[in-house]
Amino acid sequence: MKTKLVLLSLLLFTGCAGTKLVGTWKNPEHVVFDAYKVLVVGMSQDDAVRVEFETRMVERLEQNKVEAMRSIDLFDVEFTSSEKSEQELSEVEQQLLDKGFDAILFTKVVGTENKRSFRERMGKFNNLYTRFSTDYLGHQDMYYDPEYYETFNLYHIETALYCICVDKERELIWKGDFEVDEPSKVNKTIDTYIRLMTMAMEEEDVIF
């Protein structure tokens with residue numbers, strides 16, 4: 001089991017340089033959690049990203065024989081364009097329960113920060129400079145070249161799975177925290193994110 005966890009960790013952290021799993025939390029009261037009908041909610045101001053993520057996540061769940069539905073097919077424009085109260089969300093949860101849903105998979109960006117990197121220079125890191133002049137000349141543009149560093153946004157994204165089971169509190173079952181570099185190809189980043197997320201959930205016996 002320990003070997004399996006180590007291999008999983010290596011896959012998660014090296015599977016894609018721009019997307020990595022930071023950590024997970026699982027409700028200790030649920031050793032195994034099976035869901036049969038899941039609402040997928042991707043919270044984003046970018047409608048195209050929301051549609052793409054929810055569509056691909058639903059496809060992944062259905063591949064695993066889990067019935068799933070996109071929030072865009074449930075929440076109309078009026079619902080997401082205004083602030084909702086706790087009472088209104090409780091009513092939504094009850095409607096989901098009445099329709100046979102037993103879980104909500106909720107993904108959103110919880111923070112962002114600007115990062116500086118010199119990844120293109122890392123190839124020189126292993127060079128063994130035997131003279132100061134060679135070392136200095138190879139790196140002197142750090143002083144004056146504005147492109148020596150790359151800047152990019154790092155997004156902190158969280159996916160949480162909530163149970164909406166009968167006769168139980170609407171409780172958190174599982175949570176995964178991820179870091180995602182500003183994507184150049186959104187579709188590829190979404191695919192990688194979903195792959196890492198589902199691998200982690202599978203390892204902890206949650207849905208997958």
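What counts as what
- Residues numbered from 1 in each chain as written.
- Predicted model: local features only at pLDDT ≥ 70, side-chain atom pairs only at ≥ 80, totals over all residues.
- Heavy atoms only, no water.
- Helix = DSSP H or I, 4+ residues; strand = E, 2+ residues; numbered from the N terminus.
- Buried < 20%, exposed > 50% of the residue type's maximum accessible area, 1.4 Å probe, protein only.
- Contact = heavy atoms within 4.5 Å.
- Axes fitted to C-alpha atoms, helices over the stretch in contact; angles between N-to-C directions.
- Parallel < 35°, antiparallel > 145°, perpendicular 65-115°, else oblique.
- Left-handed = near helix turned anticlockwise from the far one by under 90°.
- 1 Å grid on protein atoms, 1.4 Å probe; cavity = no way out; pocket = protein on both sides within 12 Å on 5 of 7 lines; lining within 4 Å.
- Points joined across faces, edges and corners; volume = space filled by probe spheres on them.
- Nonpolar A, V, L, I, M, F, W, Y, C, P; charged D, E, K, R; others polar.
- Core = buried A, V, L, I, M, F, W, Y, C linked by side-chain atoms within 4.5 Å.
- pLDDT = per-residue confidence, 0-100.

Participant: I'm lost on the overall build of the protein in this one. Help?
Facilitator: Of the regular secondary structure elements, the protein holds six helices and six strands. Looking at the protein residue by residue over its 208 residues, the buried ones come to 37%. A sequence separation of at least 24 residues applies to 74% of the contacts in the protein between residues at least 6 apart.

Participant: When you look at the packing of helix H2 (residues 47-63) against helix H6 (residues 186-203) in this model, what are you seeing that I'm missing?
Facilitator: A pair of packed helices is captured by two measures, namely the crossing angle of their axes and the spacing between those axes. Close contact between H2 and H6 brings their axes to 10 Å; oriented N to C, the two are set at 40°. By the angle between their directions, the pair H2 and H6 is classed as oblique. Considering how the two elements wind past one another, H2 and H6 form a crossing that is right-handed. In this structure, H2 uses Val49, Glu52, Phe53, Arg56, Met57 and Arg60 to contact H6, whose residues at the interface are Val186, Asn187, Ile190, Asp191, Tyr193, Ile194, Met197 and Thr198.

Participant: Please explain the layout of surface pockets as it appears in this structure.
Facilitator: Vacant regions in the atomic arrangement are exposed by a probe of water-molecule size rolled over the atoms. In this model, the largest pocket occupies a volume close to 870 Å³. Along its surface, the largest pocket is lined by 30 residues, and Val41, Met43, Phe75, Phe79 and Phe106 are the ones closest to its centre. For the lining of the largest pocket, the element with the most residues is helix H4 (residues 86-98), which contributes six residues. In terms of residue class, the lining of the largest pocket is made up of 15 nonpolar, eight polar and seven charged. In this model, the second largest pocket occupies a volume close to 500 Å³. Of all elements in the fold, only strand S2 (37-43), H2, strand S4 (103-117), strand S5 (150-163) and H6 reach the threshold of two or more residues within the lining of the second largest pocket. The element best represented in the lining of the second largest pocket is H6, accounting for four residues. Per-class residue counts for the lining of the second largest pocket are eleven nonpolar, five polar and four charged.

Participant: So what exactly am I meant to see when it comes to the nonpolar core here?
Facilitator: For soluble globular proteins, nonpolar side chains are generally found buried alongside one another. Within the largest apolar cluster, 31 residues are counted, with the highest numbers of intra-cluster contacts made by Phe33, Met57, Leu61, Leu161, Met197, Met201 and Ile207. At the level of elements, S2, H2, S4, S5, strand S6 (172-181) and H6 are the ones that each hand at least two residues to this core. Take this core: its biggest share by element is seven residues, from H6. Ignoring any residue separated from it by four or fewer positions in sequence, one finds Ile207 in contact with Phe33, Asp34, Ala35, Val38, Leu61, Asn64, Val66, Leu161 and Met201. By size, the runner-up hydrophobic cluster in this structure holds ten residues, among which are Leu39, Val92, Phe106 and Ile164.

Participant: What is the right way to look at the environment of Asp177 in this model?
Facilitator: One can find Asp177 in strand S6. The spacing of Asp177 and Val22 is 155 residues in sequence and 5.4 Å in space, taken between C-alpha atoms. Leaving out residues up to four positions away in the same chain, Asp177 has contacts with Lys20, Leu21, Val22, Gly23, Ile157 and Glu158.

Participant: Mind showing me how you'd approach the confidence of the model for the protein here?
Facilitator: Low pLDDT marks stretches whose predicted atomic positions should not be read closely. Looking at the protein, the pLDDT average stands at 81 and 77% of residues meet or exceed 70. For the protein, per-element mean pLDDT is lowest for helix H1 (residues 2-14), which scores 39, and highest for strand S3 (residues 67-70), which scores 96. This model gives residues 1-16 a pLDDT under 50, and the stretch forms 17 contacts once residues within four places in sequence are excluded.

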